[in-house]
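Structure at a glance
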Amino acid sequence: MKPTRFIFICMLGSAALHANAGTLCNPDHIAATSPSSKYHVNQDRTITDITTGLEWKLCVEGLSGNQCEKGQATSFTWKDALLYPKIFNKEGFAGKTDWRIPNVRELGTLVELRCMNPSINTAIFFNTPPLPLWTSSPYSAGPDFYSWVVDFGNGAIFSDDRTKPKSLRLVRTSTAK
């Protein structure tokens, strides 16, 4: 039993806490999958991913403020999530009206595999809750009532029942790369 404790303590000792309380990152043994250098922080509370050309809302839906510190993450069924951008785009955000739900590959590019709770670069995406987020991608290998989800608690990508509420982060294709 003592060796198990020792290994556990050593593993914790090599990890580092980041900006969000409770975020656990291990920069010593895993290369960054979502480094700050791949992002451009815009003045309009959006983030441009230089490598993909995608522009992300800084905050998960329901959160606001300069560091996403206000409010609570909103949850949607998949059906309601698909309808949300149409309603959201009536008012627009950051002067743009083409926001949408990302597909599974797009949302997966935000996952920082060396971090947990949340599994995202918190130096760029402040106060991201460690929650699963919907993608627009249906799960085609199984029942027609499942869709793909990216869990920012642990970085997992999985399919889930469309009636179970999840949060959202909106994206658009940027005109500037």
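All values derive from a computational prediction rather than experimental measurement. (Residues numbered from 1 in each chain as written. Predicted model: local features only at pLDDT ≥ 70, side-chain atom pairs only at ≥ 80, totals over all residues. Heavy atoms only, no water.)

Remarks on the state of the cysteines
Using the criterion set out here, one finds two disulfides in the structure. Each sulfur in the disulfide pair Cys59 and Cys68 lies 2.1 Å from the other. Taking the sign of the torsion about the S-S bond as the criterion, the disulfide between Cys59 and Cys68, at about -95°, is left-handed. An identical accessibility class is assigned to Cys59 and Cys68; each is buried. Numbered by order of appearance in the sequence, the disulfide-linked cysteines of the protein chain pair as 1-4, 2-3. (Disulfide = S-S within 2.5 Å. Buried < 20%, exposed > 50% of the residue type's maximum accessible area, 1.4 Å probe, protein only.)

Some thoughts on the confidence of the model for the protein chain
This prediction gives the protein chain a mean pLDDT of 87; 86% of its residues lie at or above 70. Predicted confidence is poor over residues 1-20, with pLDDT under 50, and the contacts of this stretch with residues over four places away or in other chains come to 21 contacts. (pLDDT = per-residue confidence, 0-100. Contact = heavy atoms within 4.5 Å.)

Side note on the pairing of strand β11 (residues 157-161)
Alignment of strand β10 (residues 146-151) against β11, held across five bridges, turns out to be antiparallel. When the bridges of β11 are listed, Ser147 appears paired with Asp160. (Pairing = 2+ DSSP bridges. Helix = DSSP H or I, 4+ residues; strand = E, 2+ residues; numbered from the N terminus.)

Section: the pattern of salt bridges
With the rule as written, the count across this model stands at 10 salt bridges. For Glu112, the salt bridge goes to Arg114, with nearest N and O atoms at 3.7 Å. Residue Glu112 is classed as buried on the basis of its relative accessible area of 3%. Judged by its relative accessible area of 22%, Arg114 falls in the partly exposed class. Between Asp160 and Lys166 there is a salt bridge, with the nearest N and O atoms lying 2.7 Å from each other. Assessed through its relative accessible area of 12%, Asp160 is described here as buried. In the salt-bridge network here, residues are joined through shared partners; they are Asp44, Glu55, Lys96, Asp98 and Arg172. (Salt bridge = Lys/Arg side-chain N within 4 Å of Asp/Glu carboxyl O.)

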